[in-house]
Amino acid sequence: NGLYEIYRADRGGQFRVYKALKEQYRGQPLYENLLHKEFQIGYTLRHPNVCEYVSFLNLTGIGHCIEMEWIDGCSLEEFVNSCRPDRYLYRKIISEICDALSYIHSRQVIHRDLKPSNIMITHNGHNVKLIDFGFSDTDCHSMLKQPAGTAVYAAPELLLGLETDHRADIYTLGCIIAGLSE
């Protein structure tokens, strides 16, 4: 994303990812608040198919950042292009995406930027991990209510700036599944 820098670090013998604002956005209230909003949303989610958000820190040299679990894997897009999964593996991946979406929707979270590059597949076990809740929204947040997401996958109502709900993510999942069968 154009706003963020991603770092990987070893913290106490465990790899972590740090997501921070690029230098030109640091200290600007809008962008700082968006980063904090992502953390607030991500931190409430605890599901095996959703990236774990660990803490919100202020680190020397990079400023405020989100500490997340390191996912040893690749994006769904890279995975499909590199190994051509069989039907069983496609079903497993789609089922795990559905489980993750069902969970986040039960928590009143809409991802709003679901796409193959925001779905990681682990190298060990080929498990799904949803990542990047930067455009996500909940009813209790007042920021970033305007259209968001990636146009190729976004539901029409999201692009038009109309009121959206969990069905926008389901529409996007249909686009992703259709793309897998090509």
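Counting restarts for each chain, with residues numbered from 1 along the sequence as it is written. Predicted model: local features are reported for residues with pLDDT of at least 70 only, side-chain atom pairs are reported and counted for 80 or more only, and whole-chain, interface and lining totals are derived from all residues. Derived side-chain values reflect all non-hydrogen atoms in the structure, with water molecules and hydrogen atoms excluded from consideration.

Peer 1: Tell me about the sheet that holds strand β7 (residues 119-122), residues and numbers included.
Peer 2: Here, any two strands with at least 2 DSSP bridges between them count as paired. Secondary structure is summarised from DSSP: a helix means a run of H or I of at least four residues, a strand means a run of E of at least two, and numbering begins at the N terminus for each. Ordered in space as β5-β7-β8, the three strands form an open sheet in which the pairing is antiparallel. At either end of the open sheet lies a strand with only one pairing partner, and these are β5 (73-75) and β8 (128-130). Between one strand and the next, the sheet's axes are offset by a mean angle of 30 degrees, whatever the strand orientation. The sheet contact formed by β5 and β7 spans three bridges and is antiparallel. Each bridged residue has a counterpart across the sheet, and for cysteine 74 the counterpart in β7 is isoleucine 121. The contact rule is simple, with two residues in contact once any of their heavy atoms fall within 4.5 Å. Orientation is described by lines fitted to C-alpha atoms, with helices fitted over the stretch in contact, and by angles between N-to-C directions that extend from 0 to 180 degrees. Of the strands in this sheet, β5 and β7 touch helix α2 (residues 76-83), which is tilted by about 100 degrees from β5.

Peer 1: Please give an account of the nonpolar core that cites residues and values.
Peer 2: In this text, buried Ala, Val, Leu, Ile, Met, Phe, Trp, Tyr and Cys residues form a nonpolar core when linked through side-chain atoms within 4.5 Å. Summary of the burial criterion: residues with accessible area below 20% of their type's maximum are buried, those above 50% are exposed, and those between are partly exposed, where the area comes from a 1.4 Å probe applied to protein chains only. Leu76, Ile93, Ile97, Ile104, Ile119 and Phe133 are the most contacted members of the largest nonpolar core, which totals 41 residues. Take this core: its biggest share by element is eight residues, from helix α3 (residues 87-106). Beyond its immediate sequence surroundings of up to four residues, isoleucine 119 is in contact with Cys74, Ser75, Leu76, Ile97, Leu114, Val128, Lys129, Leu130, Ile131 and Ile176.

Peer 1: Explain the packing of α3 against helix α5 (residues 167-180) to me, and be specific about the residues and the numbers.
Peer 2: It is the contact of α3 with α5, at a shortest axis distance of 11 Å, that shows an interaxial angle of 170 degrees. One element, α3, and the other, α5, form an angle in the roughly antiparallel class. Of the residues in α5, those touching α3 at Tyr90, Ile94, Ile97, Cys98, Leu101, Ile104 and His105 are Asp169, Ile170, Leu173, Ile177 and Leu180. Asp, Glu, Lys and Arg are counted as charged, while Ala, Val, Leu, Ile, Met, Phe, Trp, Tyr, Cys and Pro are counted as nonpolar; the rest, among them Gly, fall into the polar class. Among the residues forming the contact of α3 with α5, the class breakdown is 10 nonpolar, one polar and one charged. Orientation is classified from the angle alone, with under 35 degrees giving roughly parallel, over 145 giving roughly antiparallel, 65 to 115 giving roughly perpendicular, and any other angle giving oblique.

Peer 1: Which residues make up unusual backbone geometry, and what values go with them?
Peer 2: Residue arginine 112 is not a glycine yet carries a positive backbone phi of 70 degrees. With respect to the helices, strands and loops of the structure, arginine 112 is situated in the loop between β6 (109-110) and β7. According to the relative accessible area criterion, arginine 112 is buried, its value standing at 6%. The phi torsion at aspartate 132 lies on the positive side, around 60 degrees, for a residue other than glycine. Within the secondary structure, aspartate 132 sits in the loop between β8 and β9 (137-138).

Peer 1: Can you tell me about the sheet that holds strand β2 (residues 14-21), naming the residues and giving the values?
Peer 2: Pairing is antiparallel across the open sheet formed by four strands, whose spatial order is β1-β2-β4-β3. Edge positions in the open sheet fall to β1 (4-11) and β3 (53-59), since each of these has one partner strand only. Averaged over all pairs of adjacent strands, the angle between strand axes in this sheet comes to 30 degrees, irrespective of strand direction. Here β3 runs beside strand β4 (residues 63-69); their pairing, made up of six bridges, is antiparallel. Counterpart to asparagine 58 in the pairing with β4 is histidine 64. Along the sheet, helix α1 (residues 29-43) makes contact with β1, β2, β3 and β4, crossing β3 at roughly 155 degrees.

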